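Listed below, chain by chain, are the residues.
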Amino acid sequence: MWRNARIISKFAALLKTSNMSLKCGIVGLPNVGKSTLFNCISSGKAQSANFPFCTIEPNIGSTVVPDKRLEELEKLCNPKRVVPATVEIVDIAGLVKGASKGEGLGNQFLANIRETDAILHVLRCFDDPNIVHVDGSVDPVRDKEVIDMELQLKDLETVENRLAKVQKQAQAGGDKSAKRLMELLQTYKAVLEQGKSCRTVILDNPEDQQLAKDLFLLTNKPVMYVCNVDEASAASGNEYVDMVREAVKDENAEILVIAAKIESDIAELETYEERQMFLEEMGLEESGVVRLIQHAYSLLNLQTFFTAGADECRAWTINKGDKAPKAAGVIHSDFEKGFIRAEVIKYEDFIELKSEAACRAAGKLGIEGKDYVVRDGDIMHFLFNV
């Protein structure tokens, strides 16, 4: 029996899809602005107060990934509903020195962060005598190193425990895969003992990359350092941000400057026009929250393809490099199992010609097979056989 994704989209609400559920964990020392930031970017309302461990259980919220392309598709297709891509944001309890040994809420913190796919590490880059700092002074590089060290110590414990088991397998049985894993663990052990994170190790071999992924090491997760600044530094940053840039220049990490207090004020405004006027007054082109969500999406190595029609315009999340059958499976597992081919229109062509029919007539609709690597922004329909 043949089916086309155009037909399926009409009943999308009834399908059990396999769309990705990915989490970014917001971490940092107590009182650096994690919960304020979480409140701005998620539908949740985390408690925010001026004392350590205000957040104990992790708050989880799902937030929309802003995408102007979906807005343009909506204008052209005038669908009955629009479904954007989403990312889960987790606000995790503040960490203190000694967490790797269970100090403070350490064990809970480390367990919660292990369940996330990427880390948003919030650093306090502002002075305010009315907000206490757990260490008594503002120093974002020191704060970063406190958390880095705790994560590294926990990873070192994990690596050493695993290495003790793998070494016996590699030496006794001549197991090639065990030997390869042993070598990788030895590399990580050496790096961690130098006070560096596992993400600083660049692995070119796909087999090694998979082995590393299966270890679930905390310091191997992609990270973005979010520098929480005061209002005056929202547009250009400050000397604290410069300190962070210098400290992470050799890491495989991103930096984002954001003023959580301003973002909190923006979130209170009711209309888009009011928010834009506020941003212009602050010298900002767009909200820091928008930039953060978009960067977090990219941090997770994700991209978007679309299905578009009169019934629904929808953004679907896939990993960069995924092929057409994998993308089809995100809509429904049957699409991947019975994949035959995909009809693909480039977003730019659709916007220029304004309809699928016009793209087809102009030869801008491509027929792609199982080896087609989906590109960000592709508009796709799938043919499959069940």
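In case you missed it, the structure is sitting above this.
Residue numbering note: each chain is counted from 1, following its sequence as written. At least 70 in pLDDT is required for a residue's local features to be given in this predicted model, at least 80 for side-chain atom pairs to be given and counted, and no such filter applies to totals for whole chains, interfaces and linings, which use all residues. Note that the side-chain values use all heavy atoms of the structure and ignore hydrogens as well as water.

Participant: Give a detailed account of the overall build of the protein, specifying residues and quantitative values.
Facilitator: Across its full length, the protein carries 15 helices and 13 strands. A 1.4 Å probe rolled over the protein chains alone gives each residue an accessible area, and that area as a share of the maximum for its type sets the label: buried under 20%, exposed over 50%, partly exposed in between. For the protein, the residues scored as buried account for 49% of the 386 residues in total. Counting only contacts in the protein whose residues sit at least 6 apart along the sequence, the fraction spanning at least 24 positions is 71%. Accessible surface, the protein: about 19000 Å² in total, of which carbon and sulfur atoms supply 49%. Numbering of helices and strands runs from the N terminus, with a helix taken as a DSSP run of H or I at least four residues long and a strand as a DSSP run of E at least two residues long. Throughout, a residue-residue contact means that at least one pair of heavy atoms, one from each residue, lies within 4.5 Å. The Shrake-Rupley method, run with a 1.4 Å probe, gives the accessible areas here. Residue values count only the displayed protein chains as cover.

Participant: Break down the side chain of threonine 116 for me, with residues and values.
Facilitator: Tracing the backbone shows threonine 116 in the loop between α4 (106-114) and β6 (118-124). The contact partners of threonine 116, leaving out residues within four places of it in the chain, are Lys23, Cys24, Gly25, Val90, Ile92 and Lys221.

Participant: Tell me about the side chain of lysine 34, and please be specific about residues and values.
Facilitator: Inspection of the secondary structure assignment puts lysine 34 in helix α2 (residues 34-41). For the buried residue lysine 34, which engages in no salt bridge, the nearest side chain bearing the opposite charge is aspartate 91, 5.2 Å off. His is not counted, nor are the chain ends, whereas Lys and Arg count as positive and Asp and Glu as negative. For this document, the term salt bridge refers to a Lys or Arg side-chain nitrogen within 4 Å of an Asp or Glu carboxyl oxygen.

Participant: Can you break down helix α6 (residues 176-193) residue by residue, with the values?
Facilitator: Each residue after the first adds 1.5 Å to the expected span of a helix. Between its first and last C-alpha, α6 extends 26 Å over 18 residues, near the 26 Å set by a 1.5 Å rise per residue. Buried within α6 are the following residues: Ala178, Leu181, Met182, Leu184, Leu185, Tyr188, Val191 and Leu192. Where α6 terminates, the next one or two residues include glycine 195, which has phi positive at roughly 80°.

Participant: Help me get a handle on unusual backbone geometry, residues and values and all.
Facilitator: Even without glycine at this site, asparagine 78 takes up a positive phi of about 45°. Its location among the elements puts asparagine 78 in the loop between α3 (68-77) and β4 (81-83). Residue asparagine 78 is classed as exposed on the basis of its relative accessible area, which comes to 63%. Of note in the backbone geometry, asparagine 301 takes a positive phi value of approximately 65° without being a glycine. Looking at where asparagine 301 falls in the secondary structure, it is placed in the loop between α11 (288-299) and β9 (302-308).

Participant: Residues and numbers for the environment of leucine 302, please.
Facilitator: As for its position among the elements, leucine 302 is in strand β9. The class for leucine 302 is buried, based on a relative accessible area of 4%. With 16 residues separating them in the primary sequence, leucine 302 and isoleucine 318 have C-alpha atoms 5.7 Å apart.

Participant: Lay out the sheet that holds strand β2 (residues 23-27) with the relevant residues and their values.
Facilitator: Strand pairing requires that DSSP identify at least two bridges connecting the strands. Reading across the sheet, the six strands line up as β3-β5-β2-β6-β7-β8 and stay open at both edges, with mixed pairing between neighbours. At either end of the open sheet lies a strand with only one pairing partner, and these are β3 (59-64) and β8 (253-258). The mean angle between the axes of side-by-side strands here comes to 25°, regardless of whether they run parallel or antiparallel. Geometry is summarised by axes, namely lines fitted to C-alpha atoms with helices restricted to the contacting stretch, and by angles between N-to-C directions that run from 0 to 180 degrees. The strands touched by α11 within the sheet are β2, β3, β5 (86-91), β6, β7 (223-228) and β8, with β8 carrying the most contacts at an inclination of about 170°.

Participant: Kindly report on helix α8 (residues 239-247), identifying the contributing residues and their values.
Facilitator: Along α8, the residues that are buried comprise Tyr240, Val241 and Val244. Projection of α8 onto a plane perpendicular to its axis shows the buried side chains occupying an angular sector of 100°, all on one side. What points out from α8, more than 90 degrees from its buried face, is the exposed set Glu239 and Asp242. For α8, the secondary structure elements touched by its buried residues are β6, α5 (140-172), β7 and β8. Two to three positions downstream of the cap, the backbone nitrogen of tyrosine 240 sits 3.0 Å from a side-chain oxygen, assigning the N-cap of α8 to asparagine 238. It is the directions from the helix axis to the C-beta atoms that the arc portrays. In protein, a polar contact requires one atom able to donate a hydrogen and another able to accept it; more generally it is a pair of N or O atoms within 3.5 Å, and residues adjacent in sequence count only if both atoms are side-chain atoms.

Participant: A description of the pairing of β2 should follow, citing residues and the corresponding values.
Facilitator: Sheet faces and side chains relate simply in a regular strand, where the side chains alternate between the two faces. Within β2, four of the five residues are buried, which leaves it mostly tucked inside the rest of the structure. Pairing of β2 with β5, which is carried by four bridges, proceeds in the parallel orientation. Within β5, the position partnered with lysine 23 by the bridge is glutamate 88. As defined by bridge partners, β2 adjoins β6 across four bridges and the pair is classed as parallel. Of the residues in β6, the one forming a bridge with cysteine 24 is alanine 118.

Participant: Residue-level account of the nonpolar core, with values.
Facilitator: Put simply, buried Ala, Val, Leu, Ile, Met, Phe, Trp, Tyr and Cys residues joined by side-chain atoms within 4.5 Å make one nonpolar core. Core analysis: the largest hydrophobic core is formed by 71 residues, its most contacted members being Cys24, Ile41, Ile89, Leu120, Cys125, Val226 and Leu292. Residue contributions to this core peak at six residues, all from α11. Once residues within four sequence positions are removed from consideration, cysteine 125 is found in contact with Pro140, Cys227, Asn228, Val229, Asp230, Asn238, Tyr240, Val241 and Val244. Residues Val159, Leu184, Leu203 and Leu215 belong to the second largest nonpolar core, which totals 19 residues.

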